[in-house]
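# Per-entry structural report
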Amino acid sequence: MASISAEKPSAIQDIFSRSKAVIGVVHCLAFPGTPQYQGQPFSKIIDRALYDAKHYISGGVHGLIIENHGDIPFAKPEDIGPETAALMSVITDRIKNEFGVPLGINVLANAALPALATALAGGADFIRVNQWANAYIANEGFIEGAAAKALRYRSMLRAEHIRVFADSHVKHGSHAIVADRSIQELTRDVDFFQADAVIATGQRTGDSATLEEIDEIRSATALPLLVGSGVTPDNVQQILQRTQGVIVASTLKVGGVWWNEVEPERVTHFMAAARAALEE
C-alpha cells in the first residue's frame, strides 16, 4: 500500500495507552434551543450525562465520546448556535474532572469547529467528524468535508494535540456524489486530509459495517481503524480482530436503544465478550 500521508504515531495508543480501545458514547439529552428540549434545568442534562459516563467507565470501557444526539433533527454546521458548544463544554469538563478518562467530542451534524472549541475548553483528546473529506447528501442536506476549515481553526487555537477521528463512507446519507469512487479511495482521501483515525459504520445508528467493508477500508490506510456503529457482544471479537477499536452505545442501553440510559449489566457483558480480542 502506497503512503498517502506522513507516518504518525497511533492515535489510539497515544490517547488510550493501549493498542485497542472500547469507546462508549454519551448521548446527551436535548439541549435548550432544540425541538426536543422540554424546559428542564440544565442540571438534569448534566446528571444524565454523568450517570451514563459512570456506568460506562465502571463497566470497563476505556473512554467516551460526548455527543449532542438529543438535538434531533440535527442542524447543518453553519446553523448550530454557540450555545451548543458552550453547554457541551460544561458537560465535558464535568465528566473529565469526575472520571479522568480519554474523551472525544462529536457535534452533530458535522460541526467540526464547534467540536474543536468544545474539546479545547472541556479538556477532550479528540473529535469525531463524520464527513471529513469529499461531500455527501445527509439527512440534513448537502454536507461538505470539514477538513480544510477545521485544520486551520485547530492551528489557530494552537490545539494540534486534539486528534481527528473521521468516518469513511459515513452513515445516514447517500454517497451518489462520489459514487464513481471506491470506498478505498474515499478512505485514502480521509487519510490524505490528515485525519488521525478512520471510522467504519453501517447505514444508520445501530447498524454495523460489514466485515467486507471493514476489510476494504483497512486495506486502504495504515491509520487506526474503528467501527462506529452496530457493535454487539456477538460481533465484537470479529470486529476487534480487524480493527483498533469500537465506538459503542445502543447495545449498552436499556432495551438496546440509543435514547435510553446505559444499563450496567449490558456494559459488563459486552466487555467480557470483547476481552479476548482486546488482549491480543
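Residues numbered from 1 in each chain as written. Predicted model: local features only at pLDDT ≥ 70, side-chain atom pairs only at ≥ 80, totals over all residues. Heavy atoms only, no water.

### A word on empty space enclosed by the protein
Scanning the model with the defined rule gives one cavity of 30 Å³ or more in all. Approximately 60 Å³ is the volume found for the largest cavity. For the lining of the largest cavity, the secondary structure elements donating two or more residues are strand S7 (163-168) and helix H6 (183-192). (1 Å grid on protein atoms, 1.4 Å probe; cavity = no way out; pocket = protein on both sides within 12 Å on 5 of 7 lines; lining within 4 Å. Points joined across faces, edges and corners; volume = space filled by probe spheres on them. Helix = DSSP H or I, 4+ residues; strand = E, 2+ residues; numbered from the N terminus.)

### Focus: the pattern of salt bridges
Throughout the structure, instances matching the rule amount to 11 salt bridges. The closest approach of N and O atoms between Asp 167 and Arg 128, which form a salt bridge, is 2.8 Å. One end of the pair, Asp 167, is in strand S7; the other, Arg 128, is in strand S4 (residues 126-129), with 39 residues separating them in the sequence. Taking the relative accessible area as the measure of exposure, Asp 167 reaches 3% and is therefore buried. Among the ionic pairs, Arg 154 bridges to Asp 196, the shortest N-O distance being 4.0 Å. With Arg 154 in helix H5 (residues 147-156) and Asp 196 in the loop between H6 and strand S9 (197-200), the pair connects residues that are 42 residues apart, well separated along the chain. (Salt bridge = Lys/Arg side-chain N within 4 Å of Asp/Glu carboxyl O. Buried < 20%, exposed > 50% of the residue type's maximum accessible area, 1.4 Å probe, protein only.)

### Some remarks on the nonpolar core
Membership of the largest hydrophobic core comes to 80 residues, with the highest contact counts inside it found for Ile 95, Trp 132 and Phe 165. A total of seven residues in this core trace back to one element, the largest contributor, which is helix H9 (residues 264-278). Excluding residues that lie within four positions of it along the chain, Ile 95 makes contacts with Val 26, Ala 49, Leu 50, Ala 53, Leu 64, Ile 66, Gly 100 and Leu 103. (Core = buried A, V, L, I, M, F, W, Y, C linked by side-chain atoms within 4.5 Å. Contact = heavy atoms within 4.5 Å.)

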